[in-house]
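Geometric and topological summary
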Amino acid sequence: GNTFVATWRRFGDSNSTDAVMSSVSTNRGVKWSLNTISNIVQFDQGSSNVTFRTNTLPWMTSDGTAFHTFWAERAAGSNLPRIKVSSSKNGATWNAPAFVDNVPLGFQVVPSATASEGVVQVAWYDTRDDLTQFQGPLINGLPFLNDFIDAAGKIRRHTIDVRAAQGTWNGSKL
């Protein structure tokens, strides 16, 4: 077709807020528009000897009817990032973002999405079943410092799983 859509993360500074952005061209890239999908409460974590590097970066897919953009964002009143989604029929006007799976525990980061025959699937890293009992503002773990001993006397470490969800576009939301 003639429509191209790009998405990216705008990193906040003194002149702008953190946001997920998009640009759409309806004439095969001759002219592009600039759109804000959503201002965000970012979840960025630098790398160190006890953390891994992750930034809030969006992932977009199209199911042939609409464009769907996913990203990790801190939930209001929480340190915990959750995967959010916003959809658009034309790439220029986006619906209000919604959480994909807003559970009360764990971190959700690094979404990846695809679509086929009208079905959209998104996968992400998820620590909801992490056996450690402390959920701080960052995903971290230092051997013998953040490890803990469970009720059976076993030493436990942080764990991370891959979770997924799928849905179909109903014309207004995924």
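Residues numbered from 1 in each chain as written. Predicted model: local features only at pLDDT ≥ 70, side-chain atom pairs only at ≥ 80, totals over all residues. Heavy atoms only, no water.

Quick notes on the layout of surface pockets
What counts, and what does not: We place a 1 Å grid over just the protein atoms. Points where a 1.4 Å probe fits but has no way out form a cavity, open points with protein on both sides within 12 Å along at least 5 of 7 lines form a pocket, and any residue with an atom within 4 Å of a point lines it. Grid points are joined across faces, edges and corners, and a volume is the space filled by probe spheres set on the points. Secondary structure elements are taken from DSSP: a helix is a run of H or I of four residues or more, a strand is a run of E of two residues or more, and numbering for both begins at the N terminus. By the convention adopted, Pro, Cys, Tyr, Trp, Phe, Met, Ile, Leu, Val and Ala count as nonpolar, Lys, Arg, Asp and Glu as charged, and the other residues, Gly among them, as polar.
By volume, the second largest pocket is sized at about 220 Å³. When residues of the lining of the second largest pocket are traced back to their parent elements, those giving at least two are β6 (81–88), β7 (98–99), β9 (119–126) and β12 (161–168). Partitioning the lining of the second largest pocket into residue classes produces 10 nonpolar, 6 polar and 1 charged.

Structural notes on the pattern of salt bridges
Let me state the cut-off plainly: Salt bridges are defined as contacts in which a side-chain nitrogen from Lys or Arg sits within 4 Å of a carboxyl oxygen from Asp or Glu. Note on classification: 1.4 Å probe, protein chains only; a residue is buried when its accessible area is under 20% of the maximum for its type, exposed when over 50%, partly exposed between these limits.
Scanning the model with the defined rule gives 6 salt bridges in all. Between Asp101 and Arg128 there is a salt bridge whose closest N-O contact spans 2.5 Å. One end of the pair, Asp101, is in the loop between β7 and β8 (108–116); the other, Arg128, is in the loop between β9 and β10 (148–149), with 27 residues separating them in the sequence. Assessed through its relative accessible area of 24%, Asp101 is described here as partly exposed. By relative accessible area, Arg128 is classed as buried at 17%. Overlapping salt bridges bring together Arg9, Asp18 and Asp44 as one network.

A word on the sheet that holds β8
Cut-off, in case you're wondering: Here a strand pair is declared whenever DSSP counts at least two bridges between the two strands. Axis lines are fitted to C-alpha atoms, over the contacting stretch for helices. Their N-to-C directions set the angle, which ranges from 0 to 180 degrees.
Pairing is antiparallel across the open sheet formed by 3 strands, whose spatial order is β8-β9-β12. Whereas interior strands pair on both sides, the edge strands pair on one side only; in this sheet they are β8 and β12. Between one strand and the next, the sheet's axes are offset by a mean angle of 20 degrees, whatever the strand orientation. The pairing of β8 with β9 spans 7 bridges and is antiparallel. Looking at the pairing, Gln108 lines up with Asp126 of β9.

Focus: the sheet that holds strand β5 (residues 67–74)
As summarised here, the arrangement of the 4 strands in space is β4-β5-β6-β7, forming an open sheet in which the pairing is antiparallel. A strand with exactly one partner marks an edge of an open sheet, and here the two such strands are β4 (59–62) and β7. Summarising the sheet, β5 and β6 pair through 8 bridges and their orientation is antiparallel. Looking at the pairing, Phe67 lines up with Ser88 of β6.

Comments concerning the packing of aromatic side chains
Stated formally: When the centres of two rings from Phe, Tyr and Trp lie within 6.5 Å, Trp using its six-membered ring, the rings pair. Their planes under 30 degrees apart give stacked, over 60 give edge-to-face, and anything left gives tilted. Two thresholds decide whether a charge sits over a ring: the Lys NZ or Arg CZ must be within 6 Å of the ring centre and within 35 degrees of the ring normal.
All chains considered together, the criterion is met by 1 aromatic pair. Between the NZ or CZ atom of Arg9 and the centre of the ring of Phe11, over which it lies, the distance is 3.9 Å.

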